[in-house]
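Commentary on secondary and tertiary structure
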Amino acid sequence: MKATTAKRAMITGITGQDGSYLAEMLLDKGYEVFGVVRRTSTETIERVNHIKDRLIFVQADLTDQTSVISAIDEVRPHEVYNLAAQSFVPTSWKQPILTGDVTALGVTRVLEAIRVVDKSIRMYQASSSEMFGKVVETPQTEQTPLYPRSPYGVAKCYGHYITVNYRESYGMYAVSGILFNHESPRRGLEFVTRKITDGVARIKLGTQDKLHLGNLDAKRDWGFAKDYVRAMWLMLQQDEPDDYVISSGQTHSVRDFCEAAFGHVGLDWQQHVVVDPRFHRPAEVSLLLGDHAKARAKLGWEPEVSFQSLVQLMVDADLERVQQSLDHGVRA
Ligand code: NAP
Ligand code: GDD
């Protein structure tokens, strides 16, 4: 696997939203891209199906140390992007132990694999604004104290600090990107933005009438996933490893998102959205707003897609997908 001179990148979580955009970007830059996949009874490569012939898949699971060491030893990547996680916040209350195993300890397994195989491999850790939780200051920066509000948030805090610790203990080039919410047409259907845009498409095309949501007051700093994977790569190209907040610098409520998404197709959200307590969380993160001044100054990074454009491109993509299913006689 080490025959070519191209730079090699390994992505855990390549089947997820970010993994798919990052893989596309790295291929465009001339990297050889290795994607870590775990064994499942049905294929999960839908998001990278269009580039699968240009990728090399290696099997490993973040809960299995030996498999992670073997994968890194086999590939000998220059860069590892650790995007794998149990990433859905509500599931972290239902499966807190699994969430801790994958999202927290999984990070140590990747760092340990790098430490024993080759400490010069650079590593990106997917940290999260969910770590700020019940925020103690606004906007949130790299210096803002953490106050997680979910087992997922707690697990991400562990992943964040163990990355900093391996950097400081072993001199490894390991960095954390503290990314605020980022979305796209490839976002999982259970996350609120995609749930809304999918709902809008179905309602507009007449296959659904109501959309059941939880807390409409929650505010998030939403950006476009494609912009955010660019920041991940930039973080691994610097002279010195460091941690960065990546955000849009704007915050909007779930209600605002509904208004924009329904409004884009000429519908009144209030006629269709039903508040349903089933989607309320045991503890909520009420407000996230990130300050990406450090990333702008040191990485030259800026988001390119605005909130309005993000909402519109997601609604348009779902309209097209639902329409295509209907054209093929499948009720979407
Ligand atoms: P996602 O779509 O949920 O993808 C998660 C990925 O992790 C999938 O490829 C999944 O593989 C993989 N995975 C889960 N458990 C695994 C295990 N035990 N071993 C190996 N792989 C495993 O997440 P995303 O939105 O792309 O986010 C990428 C990363 O950024 C995650 O770590 C997330 O927590 C973090 N993050 C996301 C955001 C955001 O707004 N999107 C913000 C901050 C941080 P399967 O396909 O096999 O399930
Ligand atoms: N999922 C969901 N479904 N959320 C809802 C709903 C609903 O029906 N109704 C309201 N919400 C609210 C949630 O209570 C939350 O306050 C907000 O919408 C956003 O929820 P999600 O889209 O599920 O994302 P998240 O903010 O909890 O977590 C995402 O962003 C984190 C970064 O801050 C995930 O991608 C995490 O993996 C990521 O780390």
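None of these values were measured; they are calculated from a predicted model.

What counts, and at which threshold
- Residues numbered from 1 in each chain as written.
- Chains lettered and ligands numbered in written order.
- Predicted model: local features only at pLDDT ≥ 70, side-chain atom pairs only at ≥ 80, totals over all residues.
- Heavy atoms only, no water.
- Near = heavy atom within 4 Å.
- Polar contact = N/O pair within 3.5 Å; in protein donor to acceptor, adjacent residues only side chain to side chain.
- Areas by Shrake-Rupley, 256 points an atom, 1.4 Å probe, with all protein chains shown as cover.
- Domains from an automatic or database assignment.
- Contact = heavy atoms within 4.5 Å.
- Buried area = accessible area lost by both parts, 1.4 Å probe.
- Salt bridge = Lys/Arg side-chain N within 4 Å of Asp/Glu carboxyl O.
- Helix = DSSP H or I, 4+ residues; strand = E, 2+ residues; numbered from the N terminus.
- Pairing = 2+ DSSP bridges.
- Axes fitted to C-alpha atoms, helices over the stretch in contact; angles between N-to-C directions.
- Expected span 1.5 Å × (residues − 1).
- Bend = angle between axes of the 7 residues up to and from the residue.
- Core = buried A, V, L, I, M, F, W, Y, C linked by side-chain atoms within 4.5 Å.
- Buried < 20%, exposed > 50% of the residue type's maximum accessible area, 1.4 Å probe, protein only.

Attention now moves to the site of ligand 1. Looking at ligand 1, there are 24 residues lining it, with T15, D18, R38, S87 and Y152 nearest. Contact between ligand 1 and G16: an oxygen atom at 3.1 Å from a main-chain N or O atom of the residue. R187 has a polar side-chain atom sitting 3.2 Å from a nitrogen atom of ligand 1. Protein chains bury 89% of the 900 Å² of accessible surface belonging to ligand 1 in isolation.

What follows covers the domain arrangement of the chain. The domain boundaries assigned to the chain delineate domain 1 (8-182 + 222-246) and domain 2 (187-220 + 252-283 + 306-323). Centre-to-centre, using C-alpha coordinates, domain 1 lies 28 Å away from domain 2. Between domain 1 and domain 2, the contact holds 14 residues from the first and 17 residues from the second. The contact between domain 1 and domain 2 buries some 1400 Å² in all, and 67% of this surface belongs to carbon and sulfur atoms. When the buried area of domain 1 at its contact with domain 2 is split by residue, F88, W93 and W222 rank highest and sum to 52% of it. One can count zero salt bridges joining domain 1 with domain 2. Elements that contribute at least two residues to the side of domain 1 that touches domain 2 include exactly α3 (89-94) and β10 (223-224). With three residues, α3 is the largest single contributor of residues to the side of domain 1 that touches domain 2.

A few words now on the sheet that holds strand β6 (residues 174-179). Sheet architecture is open: seven strands sit in the order β3-β2-β1-β4-β5-β6-β11, paired in parallel fashion. If you trace the sheet from one side to the other, it starts and ends with β3 (55-59) and β11 (244-246), each paired once. Across the sheet, the mean angle from the axis of one strand to that of its neighbour is 25°, orientation sign disregarded. With three bridges joining them, β6 and β11 adopt parallel strand pairing. Within β11, the position partnered with L179 by the bridge is I246. Packed onto the sheet, helix α4 (residues 96-117) meets β4 (79-82), β5 (122-128) and β6 and runs at close to 170° relative to β5. The sheet contacts of helix α5 (residues 151-170) involve β5 and β6, and relative to β5 the element is tilted by about 150°.

Let's shift gears to α4. The end-to-end C-alpha distance of α4 is 30 Å, a good match for the 32 Å that 22 residues give at a rise of 1.5 Å each. Bending of α4 peaks at approximately 40° at the position of L105.

Our focus in this paragraph is the nonpolar core. One finds L26, Y81, Y124 and I196 to be the most contacted residues of the largest nonpolar core, which totals 63 residues. Two domains each donate at least three residues to this core, and these are domain 1 (8-182 + 222-246) and domain 2 (187-220 + 252-283 + 306-323). Not counting chain neighbours up to four residues away, the residues in contact with L26 comprise A9, I11, Y31, V33, Y81 and W233. Judged by nonpolar contacts, the second largest core, of 25 residues, contains A60, V68, V80 and I162.

This brings us to the pattern of salt bridges. Pairing between side chains becomes possible if they bear opposite charge and their charged atoms approach one another. Inspection of the entire model under this criterion finds 18 salt bridges. Note that R187 is salt-bridged to E183, the shortest N-O span being 2.7 Å. Look at E183 and you get buried, because its relative accessible area is 1%. Of the charged contacts in the structure, one is a salt bridge between D276 and R278, with a shortest N-O distance of 2.8 Å. The class for D276 is buried, based on a relative accessible area of 8%. For R278, a relative accessible area of 62% corresponds to the exposed category. Through salt bridges with shared partners, a single network forms among R194, D198, R202, D318 and R321.

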